[in-house]
Amino acid sequence: MLKKISDNNLCCPICKTLLIQQNDSLECSNKSCQSVFPIVGEIPILINEANSLFQIKDFVENRDTTYRTDLPKWKTQLKNLLPSLNKNYKSAQNFQRFAAALKEKSETPKILIIGGAVEGEGLNVEKLFDGMEVIESDVAFGERTNLICDAHDIPFSDETFDGVIIQAVLEHIVNPQECVAEIYRVLKKDGFVYAETPFMQQVHLGRYDFTRFTHLGHRRLFRNFEEIESGAACGSGMALAWSYSYFLQSFFESKNLAKLADVFARLTGFWLKYLDYFTIDRAGTFDAASSYYFWGRKSGRVLYDRELIESYKGLIQ
């Protein structure tokens, strides 16, 4: 049986034809495709290898992909003892309103979380989406993963979901435009998307980090969506805290010494993130935020670039 995926909207990531379950695999019902995808521990592995950084065998053989979610408990506990440089001032309240809007839209909303191996900042799935069907996908196995797929090819039929959440993921996708087009495809009419994406953040996840967006660049990415709300999720104070840490790390060639520099930065610079309490909604933060959020509704209208630049809210002229 498939873990937490109860309907028949799963489709082939290659040709978008419905899949048929056969014991420990899923087979494409398109006779000209006939692709077969394994199920590993109740989790379907639906990867279009021709359009992905990953191969199916990466997951069958349980190789590390973007990150490890099985770190030793002592390492996690030690890391949690250190003060964090991160502070997201918007996610929790945004997700509460997102969930309320979904409940108004449908009696039984269906939600896709892209990058859901680990629960995101401010996102309490069991509490916020109680009674809804939530599918948490990723390209890494994690405690919450119930579907392995690459967001360039979302393996669901058109207009399957009432809402899609993609938090801190688009920077790790080779072609974000292609991913957003897929989100648009799988959303129902008037469906909601909620995205958070970095602007002023240094490289994280190493080789799997590709892109950053300004506020307007982020808005343009979702130009086929009507904006409900957008702004800074993490402000310039957090951006400064990250820069301080990475500045210290840049003096070293050794990974272990760089980690020590990060520990020092956390102990001495964690307080910078709290300055965002005073600045998160100010105009200057639209030019300097650590990350931005966008909440939109699927629309039949395209936002034109001349309209886009008229929506600039920052201070830089």
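Below or above, wherever it landed, is the structure these notes cover. Predicted model, so just to flag it, every value in this text is computed and none were measured.

Calculation notes
Residues numbered from 1 in each chain as written. Predicted model: local features only at pLDDT ≥ 70, side-chain atom pairs only at ≥ 80, totals over all residues. Heavy atoms only, no water. Salt bridge = Lys/Arg side-chain N within 4 Å of Asp/Glu carboxyl O. Helix = DSSP H or I, 4+ residues; strand = E, 2+ residues; numbered from the N terminus. Buried < 20%, exposed > 50% of the residue type's maximum accessible area, 1.4 Å probe, protein only. Contact = heavy atoms within 4.5 Å. Pairing = 2+ DSSP bridges. Axes fitted to C-alpha atoms, helices over the stretch in contact; angles between N-to-C directions. Phe/Tyr/Trp six-rings, centres within 6.5 Å; stacked < 30°, edge-to-face > 60°. Lys NZ or Arg CZ within 6 Å of the ring centre and 35° of its normal. Polar contact = N/O pair within 3.5 Å; in protein donor to acceptor, adjacent residues only side chain to side chain. Core = buried A, V, L, I, M, F, W, Y, C linked by side-chain atoms within 4.5 Å.

### Some points on the pattern of salt bridges
Step number 1: Enumeration over the complete set of coordinates arrives at 19 salt bridges.
Step number 2: Among the ionic pairs, Arg144 bridges to Glu126, the shortest N-O distance being 2.9 Å. On the criterion of sequence distance, the pair formed by Arg144 in the loop between strand 6 (133–138) and strand 7 (147–149) and Glu126 in helix 4 (residues 125–128) is long-range, its members being 18 residues apart.
Step number 3: Residue classification places Arg144 among the buried residues on the basis of a relative accessible area of 14%.
Step number 4: One salt bridge in this structure joins Arg185 and Glu182, with 2.8 Å as the shortest N-O distance. Placement of both Arg185 and Glu182 in helix 5 (residues 176–186) is noted, with a separation of three residues, approximately one turn of the helix.

### Description of the environment of Ser245
Step number 1: On the secondary structure map, Ser245 appears in helix 7 (residues 236–249).
Step number 2: Note on Ser245: relative accessible area 1%, which makes it buried.
Step number 3: The contacts of Ser245, once residues within four sequence positions are left out, are Leu85, Asp262 and Ala265.

### Notes on the sheet that holds strand 9 (residues 187–198)
Step number 1: The strand order across the open sheet built from 11 strands is 1-2-3-4-7-6-5-8-9-11-10, with neighbouring strands paired in mixed fashion. Two strands lie at the open edges of the sheet, namely strand 1 (19–22) and strand 10 (225–234), each paired on one side alone. This sheet shows a mean twist of 20° between the axes of neighbouring strands, independent of strand direction.
Step number 2: Bridge count for strand 2 (residues 25–28) against strand 3 (residues 36–40) is three bridges, and the pairing is antiparallel. Bridge assignment links Ser25 to a residue of strand 3, and that residue is Pro38.

### Here's the deal with the pairing of strand 5 (residues 110–114)
Step number 1: Strand 5 sits mainly inside the fold: five of its five residues count as buried.
Step number 2: Of the pairings in the sheet, the one linking strand 5 to strand 6 comprises five bridges and is parallel in character. Looking across to strand 6, one finds that Ile111 is bridged to Val134.
Step number 3: In this sheet, strand 8 (residues 161–167) lies alongside strand 5 in parallel orientation, the contact comprising four bridges. The residue of strand 8 that forms the bridge with Ile114 is Ile166.

### Section: the packing of aromatic side chains
Step number 1: Inspection of every chain in the model, using the stated rule, returns 17 aromatic pairs.
Step number 2: Geometrically, the ring pair formed by Tyr184 and Phe225 is edge-to-face, given 5.5 Å between the ring centres and 85° between the ring planes. Within this pair, whereas Tyr184 is found in helix 5, its partner Phe225 is found in strand 10, the two being separated by 41 residues in sequence.
Step number 3: Note on Phe225: relative accessible area 2%, which makes it buried.
Step number 4: Above the ring of Tyr184, the side-chain terminus of Lys298 is found at 4.7 Å from the ring centroid.

### As for the side chain of Asn146
Step number 1: Here Asn146 is to be found in the loop between strand 6 and strand 7.
Step number 2: Polar contacts involving the side chain of Asn146 include one to the main-chain amide nitrogen of Glu136, which spans 2.9 Å.

### Here we look at the nonpolar core
Step number 1: Within the largest apolar cluster, 43 residues are counted, with the highest numbers of intra-cluster contacts made by Ile114, Phe156, Ile166, Ile183 and Phe222.
Step number 2: Among the elements that line this core, the one with the most residues is helix 5, at four residues.
Step number 3: Not counting the four nearest positions on each side in its chain, Phe222 is found in contact with Leu170, Val180, Val193, Ala195 and Phe294.
Step number 4: Listed in part, the 25 residues of the second largest apolar core include Ala99, Phe129, Met132 and Met238.

### Brief notes about unusual backbone geometry
Step number 1: A positive phi angle, close to 55°, is found at Asn62, a residue other than glycine.
Step number 2: Tracing the sequence through the fold places Asn62 in the loop between helix 1 (56–60) and helix 2 (73–81).
Step number 3: In this model, Asp190 sits at a positive phi of 65°, which is unusual for a non-glycine residue.
Step number 4: Here Asp190 shows up in strand 9.

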